[in-house]
Amino acid sequence: LPEYPPKISVGREPLDYGDTLRANCSSSPARPRAMLKFVLNNLTVARTEPLTPRQSQETAWSDLSLEMVLSEFHFNSGRLILRCVAQVAGIYHEEAVLKLTSARDPVPERGKLFI
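Residues numbered from 1 in each chain as written. Predicted model: local features only at pLDDT ≥ 70, side-chain atom pairs only at ≥ 80, totals over all residues. Heavy atoms only, no water.

Points about the nonpolar core
Leu 21, Phe 38, Leu 66, Leu 70 and Leu 82 are the most contacted members of the largest nonpolar core, which totals 23 residues. Breaking this core down by element, the ones donating at least two residues are strand 2 (20–30), strand 3 (35–40), strand 5 (60–69), strand 6 (80–88) and strand 7 (92–100). When near neighbours in sequence (up to four residues on either side) are disregarded, Leu 70 contacts Leu 15, Asp 16, Tyr 17, Gly 18, Asp 19, Leu 21, Leu 40, Phe 75 and Leu 80. (Core = buried A, V, L, I, M, F, W, Y, C linked by side-chain atoms within 4.5 Å. Buried < 20%, exposed > 50% of the residue type's maximum accessible area, 1.4 Å probe, protein only. Helix = DSSP H or I, 4+ residues; strand = E, 2+ residues; numbered from the N terminus. Contact = heavy atoms within 4.5 Å.)

Structure, rendered in structure tokens:
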């Protein structure tokens with residue numbers, strides 16, 4: 001099984017409508033290798049291909065890349081929660097969760113100080 005939980009790396013932030021979200025998820029070597037999927041605000045947006053019989057016998061890293069244009073639909077109350085889920089044959093399940101900085105995040109109002 002993978003020695004470490006999956007890791008997510010992303011391109012630039014903050015993100016807004018029309019921006020391209022670029023992300024990568026990797027999981028340490030396992031046999032069979034971990035199957036990965038990206039979930040954005042509870043919607044699966046990418047996943048690795050099923051393993052061939054030969055691939056399931058090899059120890060290998062797992063990697064998954066994501067590149068998608070964001071629309072208003074992807075923002076949930078101004079938030080973007082990206083998860084990478086790693087699974088191995090029903091015996092291993094780990095997730096990496098990343099709250100992405102969004103241009104739609106509510107910004108606290110600045111108050112004026114009166115003395």
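Observations regarding the sheet that holds strand 4 (residues 43–47)
Strand order in this open sheet of 4 strands is 4-3-6-7, and the pairing throughout is antiparallel. Every interior strand has two partners, whereas the edge strands, strand 4 and strand 7, have only one. In this sheet, adjacent strand axes meet at a mean angle of 25° when their direction is disregarded. Of the strand pairs in this sheet, strand 3 and strand 4 are connected by 4 bridges, and their pairing is antiparallel. (Pairing = 2+ DSSP bridges. Axes fitted to C-alpha atoms, helices over the stretch in contact; angles between N-to-C directions.)

Considering the packing of aromatic side chains
Here the structure, examined in full by the defined rule, presents 1 aromatic pair. The interplanar angle of 80° and the centroid separation of 5.0 Å between the aromatic rings of Tyr 17 and Phe 75 together place this pair among those described as edge-to-face. Here Tyr 17 is found in the loop between strand 1 (7–10) and strand 2, whereas its partner Phe 75 is found in the loop between strand 5 and strand 6, with 58 residues between them in sequence. (Phe/Tyr/Trp six-rings, centres within 6.5 Å; stacked < 30°, edge-to-face > 60°.)

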